[in-house]
Amino acid sequence: MGSLRLWLAVLAGLSGVTAQEDLYRKVFVFRTDPSDAYVVLQVKPEQPLLNFTVCLRSYTDLARPHSLFSYATKAQDNEILLFKPKPTEYRFYVGGKFVTFRVPEGRGDWEHVCASWESATGVAEFWLNGKPWPRKGLQRGYAVGAEAAILLGQEQDAFGGGFDVYNSFTGELADVHLWDTGLSPDKMRAAYQSLRLPPALLAWRSLSYETKGDVVVKPWLRGVLGR
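Residues take numbers from 1 onward in each chain, read along the sequence in its written order. In view of the model being predicted, local features appear only for residues whose pLDDT reaches at least 70, and side-chain atom pairs are presented and counted only at 80 or more, with totals across whole chains, interfaces and linings using the full set of residues. Hydrogen atoms and water are omitted, and side-chain values are computed over all heavy atoms in the structure.

A. Structural detail: the overall build of the protein. If you tally the helices and strands in the protein, you get 2 helices and 16 strands. Whether a residue is buried, partly exposed or exposed follows from its accessible area with a 1.4 Å probe, protein chains only, as a fraction of its type maximum: under 20%, in between, or over 50%, in that order. Here the protein, with 227 residues, has 49% of them falling under the buried criterion. Nonlocal contacts in the protein, meaning residues at least 24 apart in sequence, comprise 70% of its contacts between residues at least 6 apart. For accessible areas, the Shrake-Rupley method is used with a probe of radius 1.4 Å. Any residue's cover is judged against the shown protein chains and nothing else. Carbon and sulfur atoms make up 51% of the accessible area of the protein, which amounts to about 10,900 Å² in all. Helix and strand labels come from DSSP, where a helix needs a run of H or I of at least four residues and a strand needs a run of E of at least two; each type is numbered from the N terminus. A contact between two residues is defined here by any heavy atoms of the two lying within 4.5 Å.

B. View of the packing of aromatic side chains. Working definition: a ring pair exists when centres of Phe, Tyr or Trp rings (six-membered ring for Trp) sit within 6.5 Å. Plane angles under 30 degrees give stacked, over 60 give edge-to-face, the rest tilted. Within this structure, the stated rule accounts for 11 aromatic pairs. Seen in terms of ring centroids, Phe-28 and Tyr-209 are 5.1 Å apart; in terms of plane orientation they differ by 75 degrees. Their pairing is edge-to-face. One end of the pair, Phe-28, is in strand β2 (residues 26-30); the other, Tyr-209, is in strand β15 (residues 207-212), and 181 residues separate them in sequence. Residue classification places Tyr-209 among the buried residues on the basis of a relative accessible area of 0%. On the numbers, 5.5 Å between centres and 90 degrees between planes, the contact of Phe-30 with Phe-169 is edge-to-face. Here the residue Phe-30 occupies a position in strand β2, and Phe-169 occupies one in the loop between β13 (148-152) and β14 (171-179), the gap between them amounting to 139 residues. Each member of the pair, Phe-30 as well as Phe-169, carries the same accessibility label: buried. Two conditions define a charge located above a ring, namely a distance within 6 Å from the ring centre to NZ of Lys or CZ of Arg, and an angle within 35 degrees of the ring normal. Over the face of the ring belonging to Phe-101 we find Lys-136, whose NZ or CZ atom lies 5.0 Å from the ring centre. Residue placement shows Arg-205 over the ring face of Tyr-24; its charged tip is 4.5 Å from the ring centre.

C. A look at unusual backbone geometry. A cis amide bond links Asp-33 with the next residue in sequence, Pro-34, at an omega value of -10 degrees. Examined against the element boundaries, Pro-34 turns out to sit in the loop between β2 and β3 (38-41). The backbone of Asp-175 shows a phi angle near 55 degrees, a positive value even though the residue is not glycine. Given a relative accessible area of 12%, Asp-175 falls into the buried group. One non-glycine residue, Ser-194, lies in the positive phi region at around 60 degrees. When you line up the elements, Ser-194 lands in the loop between α2 (185-192) and β15.

D. Quick peek at the sheet that holds β13. Strand pairing requires that DSSP identify at least two bridges connecting the strands. Strands sit in the order β1-β15-β3-β13-β5-β6-β7-β8 across an open sheet of 8 strands; the sheet is antiparallel. Looking at which strands have only one partner, the edges of the open sheet turn out to be β1 (18-21) and β8 (97-102). Averaged over all pairs of adjacent strands, the angle between their axes in this sheet comes to 25 degrees, without regard to strand direction. In this structure, strand β7 (residues 89-94) lies alongside β8, joined through 6 bridges in antiparallel fashion. If you follow Phe-92 over to β8, its bridge partner there is Val-99. Axis geometry follows a simple rule: fit a line to the C-alpha atoms, using only the stretch in contact for helices, then measure angles between N-to-C directions, giving values from 0 to 180 degrees.

E. The arrangement of the nonpolar core in detail. Residues belong to a common nonpolar core when they are buried Ala, Val, Leu, Ile, Met, Phe, Trp, Tyr or Cys residues joined through side-chain atoms within 4.5 Å. Counting residues in each nonpolar core, the largest one holds 49 residues, and the members touching the most others are Phe-28, Leu-41, Phe-52, Phe-69 and Phe-92. Setting aside chain neighbours within four positions, we find Leu-41 in contact with Phe-69, Ile-150, Leu-152, Val-176, Leu-202, Leu-207, Ser-208 and Tyr-209. Within the second largest apolar cluster, 7 residues are counted, among which are Cys-114, Trp-127, Trp-179 and Met-188.

F. A look at the side chain of Glu-172. Tracing the chain through its elements places Glu-172 in strand β14. When sequence neighbours within four positions are dropped, the list of residues in contact with Glu-172 reads Val-27, Phe-28, Val-29, Arg-57, Ser-58, Tyr-59 and Trp-110.

Okay, here's the thing in structure tokens:
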């Protein structure tokens, strides 16, 4: 079993290979700026999403716009998008529309974000480092398509492609999750603290993914993530 884990780790560190593994205490490192690298997350929701929550951590010194999480369908390239146009702002897209959340400029540390949406009310939630921002309205009554290309590190302007390298991510990403439900405040805080979480469509500790370009899997370097 030990040799199998070692082989999976070697595979995960190489570009353009598919892996499924527990990425606890590991990160994706996007090494070049600007970058054409990205990570394909391999999951197929069984039906359209009427509720969802996406969470992740990022560590970067980028001042230019960059994409963190991109979920595109053939009908809508910005079906779900977490995008940071500048250091003091996040944009959360659902079905091509977005709301903006203004945040303090980072202090050169990891940032943990969660974004949640429900169709019935159109309420969009945004959490930064375990704290909620004022809720906003977005795409009430919409349904997020199920047949999706899900990428880290690039914004899709077409299904699975259409990248602008000047919207690419450079730095480190970790703790990526996607649920087909809204999370309670306690679970939002648990995600920030890297505690036990409910089963997810995408889970960092059992992630199926494929790396493309100059992105590698490495151990995290600084203290416990989120603490």
